[in-house]
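# Geometric and topological summary
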2 protein chains.
Amino acid sequence: MLKYPKDLLTLIAHLKKLPGVGKKTAERFAFSLLEWDNKELFEFSEGIATLKERVQACAECGCLMDGVQCSFCDTSRRDKALLCIIGSSRDAYAIEETGNFRGLYHVLGTLLSPLEGKTPDSLNLPHLEDRIKQLGVEEVILALDSTLEGDATSLYLKEELQKNGIEVSRLALGLPLGSSLDFVDEGTLSQAFSGRQKF
Amino acid sequence: MLKYPKDLLTLIAHLKKLPGVGKKTAERFAFSLLEWDNKELFEFSEGIATLKERVQACAECGCLMDGVQCSFCDTSRRDKALLCIIGSSRDAYAIEETGNFRGLYHVLGTLLSPLEGKTPDSLNLPHLEDRIKQLGVEEVILALDSTLEGDATSLYLKEELQKNGIEVSRLALGLPLGSSLDFVDEGTLSQAFSGRQKF
Ligand SMILES: [Zn+2]
Ligand SMILES: [Zn+2]
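With an unreviewed UniProt entry as reference, chain A is termed Recombination protein RecR, source organism Candidatus Neptunichlamydia vexilliferae. Listed in UniProt under the heading Function (unreviewed entry), the comment for chain A reads: "May play a role in DNA repair. It seems to be involved in an RecBC-independent recombinational process of DNA repair. It may act with RecF and RecO." Of chain A, the UniProt comment under Sequence similarities (unreviewed entry) reads exactly: "Belongs to the RecR family."

Pasting the structure below:
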């Protein structure tokens, strides 16, 4: 019984590390890469090799920079009275797409998760508090996942920031737009009830 | 509204060329690559850059070689009286896993598809007929997809090979193992009836 060439197996092992990619999908990817022409493979390989050098996180806010300056930190165009705390740099783009927010961001990089050793120290609270003070932030918006880890992190930050007299809000919980009640889970429905808004 | 850094967009465009990968998945892959360490990224990039140089198809059978010799063509260990025709080099591994076949392979590389300009010329029939003659093949087994293109290709090859008096068989059509009749489509069920076997 003949097996894949070892160099193909190595590539499959790398592809399997991508999120949601199992053995079968990784194999399919590898065989499809065999059909790419040399130029495409070279450019793809280059993009991976130089990724972290070319796409760096801003030391101030943690968002990704396109070049040497961080557009997310550009206070000439953005409102420094509002600071939105997000889990990962990717979340900033989703929020930008709404067109609803013109303040600054702060990327935590991780959420509290005692099981994975993510304690409050991982959140680097001193840096966050320094920023809030220096920018003169008036309201902090917590925009974290609505999960166990996200909720624990929101609660922790709320308490710490409120100690310093900072106004803290978080994203509303409720029915997703276009959802039918049949398909909404109990927890979401219960949040939508307790957070009902005047109509 | 801020957008992804341009180098990240380039990488996302490459990732989107992988089979079954849409915009959202490509973005997820790109952000996950940002979290890989440098060593992992370097090895992954290397594996892609050197893929086609290190993993080459055998000029004789079209299967992938692990090194300089083709194990699929090793007639000291495999039966040259049997030749199995497959669509892509990947199919050989699936057949090897069954442990049922010890003959040689012949990779077509494509199937007939007039709409995509895949005419009989694309199948390189002269090379196939040469191999059959030189090896002294007694039976050709067609192991192509059970699709419109696969069936058209099987039919074409059957007619061409039978002209030269070669025995041609093809994989059985019928119920997949462990399938329940409720979930089997009409076409499969109809094939299972007409191909029913003595019990
Ligand atoms: Zn920044
Ligand atoms: Zn070979």
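Next comes the rest of the account.
## Observations regarding the UniProt feature "zinc finger region: C4-type" (unreviewed entry) in chain A
When the UniProt feature table is mapped to this numbering, "zinc finger region: C4-type" (unreviewed entry) covers residues 58–73 of chain A. A helix fraction of 0% and a strand fraction of 0% characterise residues 58–73 of chain A, whose end C-alpha atoms lie 9 Å from each other.

## As for the coordination of the zinc ion (ligand 2)
All names here are of chain B. The coordination sphere of the zinc ion (ligand 2) contains the protein donors Cys58 (SG), Cys61 (SG), Cys70 (SG) and Cys73 (SG), at a distance range of 2.3 to 2.4 Å. For the zinc ion (ligand 2), the 4 donor atoms in the first shell make angles of 105 to 116 degrees at the metal, a pattern classed as tetrahedral. Of note, the donors binding the zinc ion (ligand 2) are all from one chain and are spaced C-x2-C-x8-C-x2-C.

## So, the coordination of the zinc ion (ligand 1)
Residues and elements named next belong to chain A. Only Cys58 (SG), Cys61 (SG), Cys70 (SG) and Cys73 (SG) from the protein coordinate the zinc ion (ligand 1), and they sit 2.2 to 2.4 Å from it. Coordination at the zinc ion (ligand 1) is tetrahedral, judged from the 4 donor atoms that bind it and the angles of 105 to 117 degrees they form at the metal. Positions of the donor residues of the zinc ion (ligand 1), expressed as sequence spacing, correspond to C-x2-C-x8-C-x2-C. Within this pair, whereas cysteine 58 is found in the loop between helix 4 (51–54) and strand 1 (79–86), its partner cysteine 73 is found in the loop between helix 4 and strand 1, the two being separated by 15 residues in sequence. Of the residues examined, cysteine 58 reaches a relative accessible area of 9% and is grouped as buried.

## Some thoughts on the sheet that holds strand 4 (residues 167–170) of chain B
All names here are of chain B. Strands sit in the order 2-1-3-4 across an open sheet of 4 strands; the sheet is parallel. Each edge of the open sheet is held by one strand with a lone partner, namely strand 2 (103–107) and strand 4. Pairs of neighbouring strands in the sheet enclose a mean axial angle of 25 degrees, with direction left out of account. Where strand 1 (residues 79–86) meets strand 3 (residues 139–142), 4 bridges bridge the pair, whose relative direction is parallel. Looking at strand 3, one finds that leucine 82 is bridged to glutamate 139.

## Some points on unusual backbone geometry
Excluding glycine, residues mostly have negative phi values, and the peptide bonds linking residues are mostly trans. The phi dihedral of asparagine 124 of chain A falls on the positive side, at around 50 degrees, and the residue is not glycine. With respect to the element layout, asparagine 124 of chain A can be found in the loop between strand 2 (103–107) and helix 6 (125–135).

## Focus on the relation of the copies chain B and chain A
The two chain copies are connected by a rotation around an axis plus a translation along it. The operation relating chain B to chain A is a screw motion whose rotation component is 180 degrees, with 0.0 Å of axial translation and a residual RMSD of 0.1 Å. Accordingly, the operation relating the two chain copies is best matched by a two-fold axis. By C-alpha distance to the rotation axis, the residue of chain B lying nearest is serine 45 of chain B, at 2.2 Å. Both copies contact each other with a shared surface, as 100% of the interface residues of chain B are interface residues in chain A too.

Here is what the cut-offs are and how they apply
- Residues numbered from 1 in each chain as written.
- Chains lettered and ligands numbered in written order.
- Predicted model: local features only at pLDDT ≥ 70, side-chain atom pairs only at ≥ 80, totals over all residues.
- Heavy atoms only, no water.
- UniProt positions renumbered as here; feature names shortened; annotations may be inferred.
- Helix = DSSP H or I, 4+ residues; strand = E, 2+ residues; numbered from the N terminus.
- Donors = N, O, S within 2.8 Å, 3.2 Å for Na, K, Ca; no water.
- Tetrahedral: all angles 85-135°; square planar, octahedral: opposite > 155°, others 65-115°.
- Buried < 20%, exposed > 50% of the residue type's maximum accessible area, 1.4 Å probe, protein only.
- Pairing = 2+ DSSP bridges.
- Axes fitted to C-alpha atoms, helices over the stretch in contact; angles between N-to-C directions.
- Least-squares fit on C-alpha atoms with pLDDT ≥ 70 in both.
- Contact = heavy atoms within 4.5 Å.

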